[in-house]
Amino acid sequence: MTDTQTIHQTEQDLLDQERARREKLERMRAAGIDPYPPRVERTHTIAQAIAAYKAGELGEDEEVKLTGRMVLRRVMGKLSFAHIEDGSGRVQIMLQRNVLGAEAYDFFKKDLDLGDIIGVAGEMITTRTGEITCRVRKITILAKALKPLPDKWRGLKDPELRQRMRYLDLLANPEVREVFRTRAAIVRALRDYFDGEGFLEVETPILQPIYGGAAAEPFVTYHNYLHQKLYLRVSFELYLKRLLVGGYERVYEIGRDFRNEGISHKHNPEFTQLEFYEAYTDYEGVMRRTEDMLVFVAERVLGGLQFQWKEHTIDLTPPWPRIPLRQAILDASDIDYEAYPDADSLRAVMRERGIEAAADASRGKLIDKLLSHFVEPNLIQPTFLIDYPLDISPLAKRTPGTKDMVERFEGFMGGMEICNAFSELNDPLDQLERFLQQGRALDAGDKEAHPVDEDYVNALMYGMPPAGGFGMGIDRLTMLFTNQDNIREVILFPHLRPEN
């Protein structure tokens, strides 16, 4: 049989199975059985029932009522076995014709399928093979599955299909459920850390009249009643720093950002970000806090400071190396960007080395290109690169004694950037001038340039304390902690191209 014939046969088999399940559904309804009843009584989760039985907490013949999806069944003559699974675990159920009754036993045999969600009532026992089992005295349909589950042996493996039909992925692949449990534990640990350090968790607008806080192209929408163009936020930064002006000294937010950019193994247009801002510190203090924060989270979630990432063992033990950006690029590329004081000269030497360098890229963006091309892929162990060009850091404080360098760092791990931070610029006049420079770049066609935010400058006019700020992608941290090399594997419902 050819591959095409096999595919057609598989499709026909699925159609036949769906047709048979529809017929069973109608047979239930004709018999007065509601295949989707409005409520159910459950006395224990599966894990609770097993634990209570092991502990001797269930009386002799004490009835438990369990619910779950049927994931395995062995139908025999007058005795059958099945496994049901809920969110806490899996248990075997035993169905005996003389215990359950002929009508209910035949209902199980003829009208129930793998994937159906059922309720059972009975007592917990141990079978002769030593398996803890629920001996069923009553069985109820809770939700008839009209489509069959993925094949038990071949499973659901195609990455795009898994991400497009995440509900099936979670059903078929228990290890995927663990990834998202880990993600939830990471977020919970981050909150515990910041709450314990005296930070206030806040919420800032997702719909913004002026986007800002990052070099990114926004998504645009429109408010019909106000006749106003609005943007999905690209960062929380400018609103959180307004709160520093307002008197809060430590604030953080965990939420969604949206950037109208390309999709890759480490980029999704909708992603989860942590940002925090702390008064009376600088980027050196934020580096120390970053180490402290990730040590706390790793110990809470992973149980230690080492974890496996592909073929590498990553060690979070502080202090992490702090390497000037200029030195890192020089060591990796043999290009000292300080020897090329303008974009044209730097562009020329990059092209000589065979590196793509856009004709309209600023000097700062060309430096960033050198970073991503030569340095970033090789930063596997936790590393801080420090001291960045001013023209790609419009919100950071200038390094004392320099004209075009700022107190900024980016943290790298696993060959990718995981965080970005700097000493915050709090000089309102300097900030206004930088906004105007960015505004000119925006008008000239740079879609990632920062727009002018007059209200933010106005807030700075009232005085913002010296501060350090920080942003980190939760998705990338989850990728590292769960050993996943694609961001779509750690987002429950990632953005995908339309199906053909």
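Structure first, text after, so check above.
Residues numbered from 1 in each chain as written. Predicted model: local features only at pLDDT ≥ 70, side-chain atom pairs only at ≥ 80, totals over all residues. Heavy atoms only, no water.

J.: What exactly am I supposed to notice about the packing of aromatic side chains here?
T.: Pairs of aromatic rings are described using the distance from one ring centre to the other and the angle between the two planes. By the definition in use, this model includes 12 aromatic pairs. Taking 5.1 Å as the distance between ring centres and 25 degrees as the angle between the ring planes, the aromatic pair formed by phenylalanine 194 and tyrosine 252 counts as stacked. Of this pair, phenylalanine 194 sits in helix α7 (residues 174-196) while tyrosine 252 sits in strand β10 (residues 250-258), placing them 58 residues apart in sequence. Judged on exposure class, the residue phenylalanine 194 and its partner tyrosine 252 are both buried. Taken together, the aromatic side chains of Tyr193, Phe194, Phe199, Tyr252, Phe276, Phe296 and Phe470 make up a single cluster linked through ring pairs. (Phe/Tyr/Trp six-rings, centres within 6.5 Å; stacked < 30°, edge-to-face > 60°. Helix = DSSP H or I, 4+ residues; strand = E, 2+ residues; numbered from the N terminus. Buried < 20%, exposed > 50% of the residue type's maximum accessible area, 1.4 Å probe, protein only.)

J.: I keep staring at the packing of helix α8 (residues 237-245) against helix α14 (residues 454-461) and nothing clicks. Help me out?
T.: Packed helix pairs are characterised by how far apart their axes lie and by the angle those axes make with each other. As a packed pair, α8 and α14 sit with axes 9 Å apart at the nearest point and diverge in direction by 20 degrees. Classified by the interaxial angle, the pair formed by α8 and α14 is roughly parallel. Where α8 crosses over α14, the two elements pack in a sense that is left-handed. Across the interface between the two elements, Leu238, Lys241, Arg242 and Val245 of α8 pack against Asp455, Tyr456 and Ala459 of α14. (Axes fitted to C-alpha atoms, helices over the stretch in contact; angles between N-to-C directions. Parallel < 35°, antiparallel > 145°, perpendicular 65-115°, else oblique. Left-handed = near helix turned anticlockwise from the far one by under 90°. Contact = heavy atoms within 4.5 Å.)

J.: Please clarify how the pairing of strand β9 (residues 228-232) should be interpreted in this entry.
T.: Each regular strand carries side chains that alternate between the two faces of the sheet. Strand direction decides the pairing type here: strand β7 (residues 207-208) and β9, joined by two bridges, are antiparallel. Each bridged residue has a counterpart across the sheet, and for glutamine 208 the counterpart in β9 is tyrosine 231. Summarising the sheet, strand β8 (residues 220-223) and β9 pair through four bridges and their orientation is antiparallel. Each residue of the ladder has a partner; that of valine 220, found in β9, is tyrosine 231. The hairpin turn running from β8 into β9, its antiparallel successor, is four residues long, and histidine 227 in that turn takes a positive phi close to 50 degrees. (Pairing = 2+ DSSP bridges.)

J.: Could you clarify how one ought to interpret the pairing of strand β12 (residues 306-309) in this entry?
T.: Only one face of β12 is buried, namely the one carrying Phe307 and Trp309, since none of Gln306 and Gln308 on the opposite face is buried. The sheet contact formed by β12 and strand β13 (residues 312-315) spans four bridges and is antiparallel. Paired with glutamine 306 across the strands is aspartate 315, a residue of β13. What sits between β12 and β13 in their antiparallel hairpin is a turn of two residues, with lysine 310 showing a positive phi close to 55 degrees.

J.: What should I look at first to understand a nonpolar patch on the surface in this one?
T.: A grouping of Leu429, Met461 and Tyr462 is seen on the molecular surface, where their side chains present a nonpolar patch of about 400 Å² in accessible area. Here tyrosine 462 falls in the exposed class, since its relative accessible area comes to 68%. (Patch = residues over 30% accessible without salt bridge, like charges linked within 9 Å, V, L, I, M, F, W, Y side chains within 5 Å. Areas by Shrake-Rupley, 256 points an atom, 1.4 Å probe, with all protein chains shown as cover. Salt bridge = Lys/Arg side-chain N within 4 Å of Asp/Glu carboxyl O.)

J.: What's the story with the sheet that holds β8 in this structure? I'm lost.
T.: One key point about sheets: their strands pair by backbone hydrogen bonds, in either a parallel or an antiparallel sense. Pairing in this open sheet of three strands is antiparallel, and the strands run β7-β9-β8 from one edge to the other. The open sheet has two free edges, formed respectively by β7 and β8, since each of these has just one partner strand.

J.: Would you take a moment to explain the side chain of glutamate 376 for this structure?
T.: Here glutamate 376 is to be found in the loop between α12 (363-375) and β15 (383-389). Within the structure, glutamate 376 has its side chain in polar contact with the side chain of lysine 266 (distance 2.8 Å). Only 3.1 Å separates the side chain of glutamate 376 from the backbone nitrogen of glutamate 417, close enough to count as a polar contact. Setting aside residues no more than four positions away along its own chain, glutamate 376 makes contact with Lys266, Leu371, Phe412, Gly415, Met416 and Glu417. (Polar contact = N/O pair within 3.5 Å; in protein donor to acceptor, adjacent residues only side chain to side chain.)

Purely geometric stuff here, so don't read any function into it on its own.
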